[in-house]
Amino acid sequence: HPISTPLATTRRPFPFVSPASPSSSNSDTCLRGYTPKYSSWDGDDRRWSKRLTRRIFRFDGGPSDTPVRDGLVLSTIAAYIWQAINTLTYLRTKFPSYWSTQAWSMISDAVIDSGSTMGPLLRDFMFSPHLGRRQPHRYLTAGFLHSGVFHLACNMYALKQMPNWLETGLGWPLFVTTYIVGVVAGNYFHAMYAMDEFLGCLGSSGGIVALAGLAFISLCKMENKQGTAKILRSMGTLFVFGAIIPTMSNASHIGGFLSGCLMGLLFAPGYRNSYSLRRKNAVTIDAVPRDYRQVMGFGVVPNERPPVPLWMLWAVVLVYASTEPRWMAMPAVVWRGLTSAG
């Protein structure tokens, strides 16, 4: 008698993907993380140069999952380009006799090490405790300026390494608000602990570590111990480098991280177990993004409302700004500095 054996079947693990909404006509939405069109895979080539080339020239034709983060990166790079052009124009105007023989040196100073030249744009928008007391716009505008190409590259790389779920899961309003609050809080802590009130402070690291603080508190609410330990190790390494390198402001990093933690406590949602998602053979649609699901874990869902609505923070800021003439004049001051620096 022939022996009949059942066909071997392979059970796929839970894919952690977000199904398409019922109203969506695109059937590939639920497989977005796996389709080659949206893949961020760099290939199996072990040569770092080939992987870097793929990253530089990759174009998938699809919309970005993190448009706000990409917008912050592009706006910061554009600000540095304008900073370099403004500095070069200032050097050529101030030292016209050197242009014919020292043009390349002047261009190098303006592009690679723009912060040491102190062009008009940098003088108008950089932060120092002395200038910040009279011109409060510097608390924010200094976050879009950098001292050089290396400084800019390090910060933009760190911003791009922030997890996508901070924007796709928590929402872009909380993402951009935390970034702005981190920049302001970082400069405020720098003003509190700076030994010299004329010591300048530049860079977006305050906003970046604020996003790390937001991620830390969110992971704590999710009870994701592995993720929280990773953030603590990264922040510890950053503080060690800040203690070793004299040009780094540890006060700004500490202030930005604490402000991000406060934003997470007040405005980030809590999490709970979902019975419908954990039930066997459940047909409940998982509406959260794929990367958000990976950090939350199976069967965990965010609460519908955070402890404090985010709009209340902006309402308080607008009410206070309406009573402070210097705050009301900030948009005009920034526009005048961009169009006619100096």
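So, here's what we can say about the structure. All values derive from a computational prediction rather than experimental measurement.

### Regarding unusual backbone geometry
In this model, M118 sits at a positive phi of 60 degrees, which is unusual for a non-glycine residue. Take M118: it is sitting in the loop between α3 (99-111) and α4 (120-125). In this structure, E223 is a non-glycine residue whose phi angle is positive, near 65 degrees. We classify E223 as exposed; its relative accessible area is 69%.

### Describing the environment of G115
On the secondary structure map, G115 appears in the loop between α3 and α4. Its relative accessible area of 16% is what places G115 among the buried residues. Residues G115 and H146, spaced 31 residues apart in sequence, show a C-alpha to C-alpha distance of 6.6 Å. Setting aside residues no more than four positions away along its own chain, G115 makes contact with Q83, L122, H146 and S147.

### Section: the nonpolar core
Counting residues in each nonpolar core, the largest one holds 40 residues, and the members touching the most others are L159, W165, L166 and Y292. The element that contributes the greatest number of residues to this core is helix α10 (residues 205-222), accounting for 10 residues. Non-local contacts of Y292, meaning those with residues more than four positions away in its chain, are made with W165, G169, L170, M222, P269, Y271 and P302. By size, the runner-up hydrophobic cluster in this structure holds 6 residues, among which are L121, L122, F125 and L145.

### Some words on the pattern of salt bridges
Following the criterion strictly, the structure yields 3 salt bridges and no others. Where K160 meets D70, a salt bridge forms, and the shortest distance between an N and an O atom there is 3.0 Å. Of this pair, K160 sits in helix α7 (residues 149-160) while D70 sits in helix α2 (residues 67-94), and the two are 90 residues apart along the sequence. On the accessibility criterion, D70 (18% relative accessible area) is buried. Here E324 and R326 are joined by a salt bridge, their closest N and O atoms 3.4 Å apart. The class for E324 is buried, based on a relative accessible area of 18%. Given the relative accessible area of 40%, R326 is considered partly exposed.

About the criteria used
- Residues numbered from 1 in each chain as written.
- Predicted model: local features only at pLDDT ≥ 70, side-chain atom pairs only at ≥ 80, totals over all residues.
- Heavy atoms only, no water.
- Helix = DSSP H or I, 4+ residues; strand = E, 2+ residues; numbered from the N terminus.
- Buried < 20%, exposed > 50% of the residue type's maximum accessible area, 1.4 Å probe, protein only.
- Contact = heavy atoms within 4.5 Å.
- Core = buried A, V, L, I, M, F, W, Y, C linked by side-chain atoms within 4.5 Å.
- Salt bridge = Lys/Arg side-chain N within 4 Å of Asp/Glu carboxyl O.

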